[in-house]
Amino acid sequence: MAAALSGATVSQLRSWRINRSAKGQFLMPELGTRPRAAYSFRDVLALRTCVRLRQDFSLQKIRTAIGTLRGLGETAHLASYQLVTDGSSIVLYDDEHPTDLLDRPGQRVVATLTDILEPFAPRPGVVVPHLLHPATYVAVDPANQGGHPVITGTRVPYEAVAELLEDGVPLERIPDYYPAVTVEAARDAAEFARYVDSYLPSGSRAS
């Protein structure tokens, strides 16, 4: 799920977790790695930021920028900051004083805010959906089920509906199981489930 909502691949997440250096620590899931990695909503925001920046910069440069951020005394979770690019460098965005973190560390620069919640294409043929609204009838809200995708306007996890359909329950019967879930919402849940599964290694399933 972290991969599907951030745009990182499963192998990238695994690689970034292994690096336990000071500059790699921001990519470790704050909820832990045992028995399996558990990423929080703000972890996904941080990962999404990293994936967006990876379109223009190497991971080494991103880690250098994060190191500069920490050197400036900014030690909060990476999701607390808005990191953008001005076209040539990585910038800590601030309405009053955007700060260069890479080419001219610590210097004030001009930068345009990029909304990491919006859809973007990290790789050819891949489009990461809007983080809070990954599908018309699927929503992500950190205050609802801890940020796990649910049917919009409910607390019903998308996969609960998708699994019913996979088990052979007809679309029009879904409201019998979940009255708040419409046929259209059930169809969206199934499509979103296929999208999430596309991020998993062959033979694996989301849980």
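Predicted, not measured: the structure shown is a model, and the values here were computed from it.

Helix H7 (residues 183-197) packs onto helix H5 (residues 158-166) with a crossing angle of 95° between their chain directions and a minimal axis gap of 8 Å. Judged by the inter-axis angle, H5 sits roughly perpendicular to H7. Touching Tyr158, Val161, Ala162 and Leu165 of H5 are Ala186, Ala189, Ala190, Phe192, Ala193 and Val196, all from H7. Here the residues of the contact of H5 with H7 are counted per class, giving 10 nonpolar, no polar and no charged.

Turning next to the pairing of strand E4 (residues 120-123). Examined bridge by bridge, E4 and strand E5 (residues 126-128) share 2 bridges and lie antiparallel to one another. From the neighbouring strand, Arg123 faces E5, where its bridge partner is Val126. Counting the residues that bridge the hairpin from E4 to E5 gives 2 residues, and of these Gly125 lies at a positive phi of roughly 85°.

The strand order E1-E2-E3 describes an open sheet built from 3 strands, whose pairing is antiparallel. In the strand order of this sheet, the two ends are held by strand E1 (83-85) and strand E3 (99-100), each with one partner. One ladder, built from 3 bridges, connects E1 with strand E2 (residues 90-92); its direction is antiparallel. Residue pairing in the sheet places Val84 in a bridge with Val91 of E2.

Summarising the element assignment, Ser6 is placed in helix H1 (residues 2-6). For Ser6, a relative accessible area of 0% translates into the label buried. At 2.7 Å, the side chain of Ser6 and the backbone oxygen of Ala2 are in polar contact. At 3.2 Å, the side chain of Ser6 forms a polar contact with the backbone nitrogen of Ala8. Ignoring any residue separated from it by four or fewer positions in sequence, one finds Ser6 in contact with Val44, Leu47, Arg48, Val51, Phe120 and Val128.

Locating Ile151 in the fold gives a position in strand E7 (residues 150-151). Judged by its relative accessible area of 1%, Ile151 is buried. Taking the C-alpha atoms as reference points, Ile151 and Ala8, separated by 143 residues in sequence, lie 24 Å from one another. Contacts of Ile151, omitting those with residues within four sequence positions, involve Tyr137, Val156, Tyr158, Val161, Val181, Ala185 and Ala189.

About the cut-offs
- Residues numbered from 1 in each chain as written.
- Predicted model: local features only at pLDDT ≥ 70, side-chain atom pairs only at ≥ 80, totals over all residues.
- Heavy atoms only, no water.
- Axes fitted to C-alpha atoms, helices over the stretch in contact; angles between N-to-C directions.
- Helix = DSSP H or I, 4+ residues; strand = E, 2+ residues; numbered from the N terminus.
- Parallel < 35°, antiparallel > 145°, perpendicular 65-115°, else oblique.
- Contact = heavy atoms within 4.5 Å.
- Nonpolar A, V, L, I, M, F, W, Y, C, P; charged D, E, K, R; others polar.
- Pairing = 2+ DSSP bridges.
- Buried < 20%, exposed > 50% of the residue type's maximum accessible area, 1.4 Å probe, protein only.
- Polar contact = N/O pair within 3.5 Å; in protein donor to acceptor, adjacent residues only side chain to side chain.

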